[in-house]
Amino acid sequence: MTHRRTPHRAAVAVTATALTFTVLASAPPASAPFASTAKPGPAPVAEVRHGAPAGVATDVTVRTDAGLVRGARSGAHRIFQGIPYAGAPKGRHRWAPPRPVRPWKGVRDATKPGPLCPQVPSAYARISSTEEDCLALNVTTPPAATRRRAAPVLVWIHGDGSVGGGSFFDGRRLAERGLLVVTVNYRLGVFGGLALPGLQGSGTFGLQDQRAALTWVRNNARAFGGDPGNVTVAGVSFGASAVAGHLTSPASRGLFHRAVMASGEALMDMPAGAMGPDVPGYPWYVWRTGREMEDITTEMTSSLGCRDRRPQRTLACLRALPVKTILKVPYIMNAFQAFGYGNATLPELPPTALRAGRFHRVPVLSGATRDEHRTFVGMTYDAVGREFTEADYVRALHTAFGERPAKRVRAEYPTSAYPSPALAWATVITDRMWARGTHDQHEALARHAPVYAYEFADRDAPMFLPLPGDFDFGAFHAGDIPYLFEDETAERKFTPAQRRLSTTMSGYWAAFARTGTPRGAGLPAWPPYRPGPVGRPYTQSLAPHRIGPVDYYREHNLGFWNRER
């Protein structure tokens, strides 16, 4: 496999597809108006489908450590939106560690979403923002009938890393199960990942924002009826990788007591061409050295006129630029969908720390979808009208694995065994990249902490993207998230069996957040994962008509892929 230190921009554009998709399960439809230059404060910056319904009473006031906030009632729930947890990262605070929010007088309106962090729209997520005063979170409380004692807290870190926001995730389904649900905004793209020599926090500003939000939860959860001593940090895709970062970050110690990682990439590499024909391979999907992050910064900011041999002057120049000017650089947000390590936040490469047991040993619920990579093959080829052919398959195998290994892979995954070459290629990368990485993650974690592994296997999960072509997405990447967070588009398409699956999954997640085990009345048994070779590496399959064990290792042909290491 060939690795490059700095991706060229065409490669960045295609690589971005992988992470961009994870926010789409909850973003506004393409027809929604853009959230452009929103003012700081409680005003909404996008027409979102989630959050408190219009017209509810706004008579709920809670005192936070920075001041009073007024939320809204939504049925049995209380919902607070746009609560600032850190000061505005603008001016000299752009690319600086998050700082405490300035206390306010009076009662702050928390009935509407706060501003999204700076981002640009994509073809499938028509949202944007230029507002840097965006470090806000949203709180959904459980019904009063379940509030006999302090509620377990679930803090949700959304995926992608270049678009999205916490307000797109409606926590009422999980709150109904007795959880206090907190969803978070954090700095995205270049604003969260820029790196320069000598710059404190380089490559980790988004991760530091999330830690600041967890600190806010520790200090304020009790005011909303939550238990600061029982916090679960959870995320999907890029957000799940952030959770892995917090597991290995010394500065995050004590801020959470359980972790959930959905489709996480903590121990996943990336074969060349896996994310598109021009995308180079990387030894790690989301982790970059400090030098690599600095090189990306140099490449992506070169057109902004701030280059100087003195990093301090480069930083001062970049901080003085309007957000709009920075966002005009092609792919500048997508290029920073990674975390830098070798710094105070991530002192060592997280996979190394996880394998060595140098992480916060809390219970972990972790898994992936059965057909992870169909999303990216479909969005690049057949589902957008570009057929992935037999010749494409041969070239892709050669690019990813080299001449001799490609022949062995083709013999193991002949196109004659699949409905199309596209599905053959999607299966190859699902097994080789996603499943092997997920298995390695479970093996590493389970040697030192309780792990509950799952595979989301609903191959008829509702697809919500407006794609013109016909493609079988199966149990696609992030397809499980609408089963946990309420989503109007998916909800309308659910069958009765899928609604039952959603009920079971939210029950599992709530039980895990409450006790550290996904066990509860009426829930099918879910034993812990015991690492091999002498253990019992149990994985729970989650599908509408079957919930039970799956031989994940065999299903994804990991014996073959481990021999190919």
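Residues numbered from 1 in each chain as written. Predicted model: local features only at pLDDT ≥ 70, side-chain atom pairs only at ≥ 80, totals over all residues. Heavy atoms only, no water.

A. The arrangement of the pairing of strand S8 (residues 226-236) in detail. Of all eleven residues in S8, nine are buried, a share of seventy percent or more. Bridge analysis of S8 against strand S9 (residues 258-262) gives five bridges, and the strand direction is parallel. Counterpart to Ala234 in the pairing with S9 is Val260. The parallel pair S8 and S9, bridged by helix H5 (residues 238-248), forms a crossover whose chirality is right-handed. (Buried < 20%, exposed > 50% of the residue type's maximum accessible area, 1.4 Å probe, protein only. Helix = DSSP H or I, 4+ residues; strand = E, 2+ residues; numbered from the N terminus. Pairing = 2+ DSSP bridges. Right-handed = clockwise from strand over helix to strand, strands pointing away.)

B. Inspection of the state of the cysteines at higher detail. One pass over the structure, following the stated rule, counts two disulfides. There is a disulfide in this structure between Cys117 and Cys134, and the S-S distance comes to 2.1 Å. Between Cys117 and Cys134 the disulfide shows an S-S torsion of about 90°. By sign, it is right-handed. A residue pair is termed long-range when its members are at least 10 positions apart, and Cys117 in the loop between strand S4 (107-109) and strand S5 (136-140) and Cys134 in the loop between S4 and S5 qualify at 17 residues. The class for Cys117 is buried, based on a relative accessible area of 1%. Cys134 sits in the buried class, given a relative accessible area of 1%. Here Cys306 pairs with Cys317 through a disulfide, and the sulfurs are 2.0 Å apart. Judged by the sign of its S-S torsion, about -65°, the cystine formed by Cys306 and Cys317 is left-handed. On the criterion of sequence distance, the pair formed by Cys306 in the loop between helix H6 (290-301) and helix H7 (311-320) and Cys317 in helix H7 is long-range, its members being eleven residues apart. (Disulfide = S-S within 2.5 Å.)

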